[in-house]
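# Survey of secondary and tertiary structure
Single-letter residue listing:
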Amino acid sequence: MIAVTSDFLAVVLDVVEPAVAEAERNPPRLGADGEIEFDPAYHRAGRAVWASGIVGAPAREQAALFYALAHAGEGGHACPVVCTVGLVRALRTRASDELRERFLPALLETDYDRAQRGAQFLTERHGGSDVGANRVEAVPDRDAWRLYGEKWFCSVADADQFVVTARPRGAAEGTRGIGCFLVPREGGGFRIRRLKDKLGTRALATGEIDFEGAAAYPLGPLEDGFKTAISVLNTSRWLNSVGSTGLMKRAFLEASSFARERSAFGGPIGRFPLVRENLAVMKSEEAAAYASTMHLTELVARIDEGSASDEDVVWHRLLVNGNKFVTSLAATQLVRRGIETLGGNGTIEDFSPLPRLYRDAIVFESWEGTHNVLCAQALRDLERFDAVELVVQRAGASDELAARLRRSVAEPEFGALHFRRQLAELVRSLQVTLLRHSDAASAGLVERRHLMTGWNPEADADYANLIDRVLAGPQPQVTTCN
């Protein structure tokens, strides 16, 4: 266990959580001068988050801290942390020495009032997840490139350094012609058209931005721009799954605490079979997400340390997409179960954080690629790296699933329609395999619900006992799983 994390979790619950609740009542707005204005509570939360050192921490500690932070939902600062971490990694691994020395130190500052934050602006109105259709143009200038065009969904619109995809003038169409650039805010040359009014992550400033000659510096070779952008996105997809898992844990804690304390019909509602079933599903789902996400974290750490095998790198590439897809969907469903546990109180904004967590979870689903885009990418990678046998072995998947995966690779039309279900089963197989060593009861419930075709709880004589074992089993801790 990372000792600092239990202390940080207390900071999240005592400082960040109330500040976030206050900031969401007064969301950011665009001032007459074009600057974004925040409620003071937003900055109060930010100072506590940045003081943890999360941005510059090694991967395992970063994940533990981010898991704790997500107990408050996105909170206006989880996304800036993720985007800054992605930019830090890109500068460390892909940028020139000159660019790294100029822009990296300010991103690693732990004093919130002096630190610079990163953002990534890839999405355009006409293309959405189709980055290859981007139209923002990069024009060479004497000492930098200049960007012209519109970005449609720009989270952390108040950031100090932007990662922006753009097509150098005269470059090829599609992703082959995409460049990846760093744009410093201080250089100007852009205009925030408006801020988005979003379902969730409401304390976070998300805008539409017009680039009007902003100075831009290539992050790595221009011809590798799409690869650089994907590396930034993969960092975000990893931490998105960490955040979804922390959000799930908070929802379970709220629901289980309420079930113990709320009395109705002669006693605590937690004694009723349907409430116990609902809590057992919530607990097992969070445990499953935690297991697969910390397994992914270990792959990220090994890659960072240079100790990852070639197979580790391929497995990471596939899992980072599949795990984000599965965990973000599970988070929304789990928070919904938490709201059900609280009944009408679950819908009251000042009774619990569950309404806010629910809205944030839905936004988490769309960040860094829709579910279908992630699944399509995983299928392409499965074929490109001839990795069916590898992923089946790593996940502990069945022979039957392996045969279906091979068919998806061999028959593109079949795979386009059915691979999404197969990828979900693959991730679920990994979760069950990992949980068998640490929480056998949760493994059993996840396996029954997601992997046993035709399983019927009514015909399962052990089902009631399984629910009891799940609820009596170990509680996941804020630590990493090797």
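Residues numbered from 1 in each chain as written. Predicted model: local features only at pLDDT ≥ 70, side-chain atom pairs only at ≥ 80, totals over all residues. Heavy atoms only, no water.

Turning our eyes to something else, we now look at helix α13 (residues 412–435). Compared with the 34 Å implied by 1.5 Å per residue over 24 residues, the 33 Å span of α13 between its first and last C-alpha is a close match. Along α13, the helix axis deviates most sharply at histidine 418, where the bend reaches about 60°. (Helix = DSSP H or I, 4+ residues; strand = E, 2+ residues; numbered from the N terminus. Expected span 1.5 Å × (residues − 1). Bend = angle between axes of the 7 residues up to and from the residue.)

Leu91, Leu147 and Phe211 are the most contacted members of the largest nonpolar core, which has 146 residues in total. Sequence-distant contacts of phenylalanine 211, that is, excluding residues within four places in its chain, are made with Phe121, Leu147, Tyr148, Gly149, Lys151, Phe162, Val164, Val183, Gly189 and Phe190. Judged by nonpolar contacts, the second largest core, of eight residues, contains Ala441, Leu445, Ile467 and Val470. (Core = buried A, V, L, I, M, F, W, Y, C linked by side-chain atoms within 4.5 Å. Buried < 20%, exposed > 50% of the residue type's maximum accessible area, 1.4 Å probe, protein only. Contact = heavy atoms within 4.5 Å.)

Looking at the chain, pLDDT values average 95 and 98% of them are 70 or higher. Below pLDDT 50 for its whole length, residues 478–482 participates in 16 contacts with residues either more than four positions away or in separate chains. (pLDDT = per-residue confidence, 0-100.)

According to the stated counting rule, one finds 43 salt bridges in the structure shown. When the shortest N-O distance is used, the salt bridge between glutamate 349 and arginine 359 registers 2.7 Å. Within this pair, whereas glutamate 349 is found in the loop between α8 (310–342) and α9 (354–366), its partner arginine 359 is found in helix α9, the two being separated by 10 residues in sequence. (Salt bridge = Lys/Arg side-chain N within 4 Å of Asp/Glu carboxyl O.)

With that out of the way, let us pick up the environment of alanine 331. Along the chain, alanine 331 turns up in helix α8. Residues alanine 331 and methionine 248, spaced 83 residues apart in sequence, show a C-alpha to C-alpha distance of 5.5 Å. Look past the residues within four positions of alanine 331 in its chain and what remains in contact with it is Ser244, Leu247, Met248 and Ala361.

Right, let's talk about the packing of α13 against helix α14 (residues 440–451) for a bit. Running from N to C, α13 and α14 cross one another at 160°; their axes reach a closest spacing of 8 Å. Relative to α14, the element α13 lies roughly antiparallel. For the crossing formed where α13 meets α14, the hand is left-handed. Where α13 approaches α14, its residues Glu425, Arg428, Ser429, Gln431, Val432 and Leu435 are matched on the opposing element by Ala440, Ser442, Ala443, Val446, Glu447, His450 and Leu451. For the contact of α13 with α14, the per-class residue count stands at six nonpolar, four polar and three charged. (Axes fitted to C-alpha atoms, helices over the stretch in contact; angles between N-to-C directions. Parallel < 35°, antiparallel > 145°, perpendicular 65-115°, else oblique. Left-handed = near helix turned anticlockwise from the far one by under 90°. Nonpolar A, V, L, I, M, F, W, Y, C, P; charged D, E, K, R; others polar.)

This part is about empty space enclosed by the protein. Inspection of the entire model under this criterion finds four cavities of 30 Å³ or more. Estimates place the volume of the largest cavity at around 70 Å³. Forming the boundary of the largest cavity are Phe66, Ala78, Cys79, Val82, Ser236, Leu239, Asn240, Phe364, Trp367 and Glu368. The set of elements that each furnish at least two residues to the lining of the largest cavity consists of α4 (78–93) and α6 (225–261). Residues belonging to the lining of the largest cavity are distributed by class as follows: seven nonpolar, two polar and one charged. (1 Å grid on protein atoms, 1.4 Å probe; cavity = no way out; pocket = protein on both sides within 12 Å on 5 of 7 lines; lining within 4 Å. Points joined across faces, edges and corners; volume = space filled by probe spheres on them.)

As a further point, take the state of the cysteines. Tallied over the full model, the rule gives zero disulfides. In this structure cysteine 180 is a free cysteine whose sulfur lies 12 Å from that of cysteine 83, the closest cysteine sulfur available. (Disulfide = S-S within 2.5 Å.)

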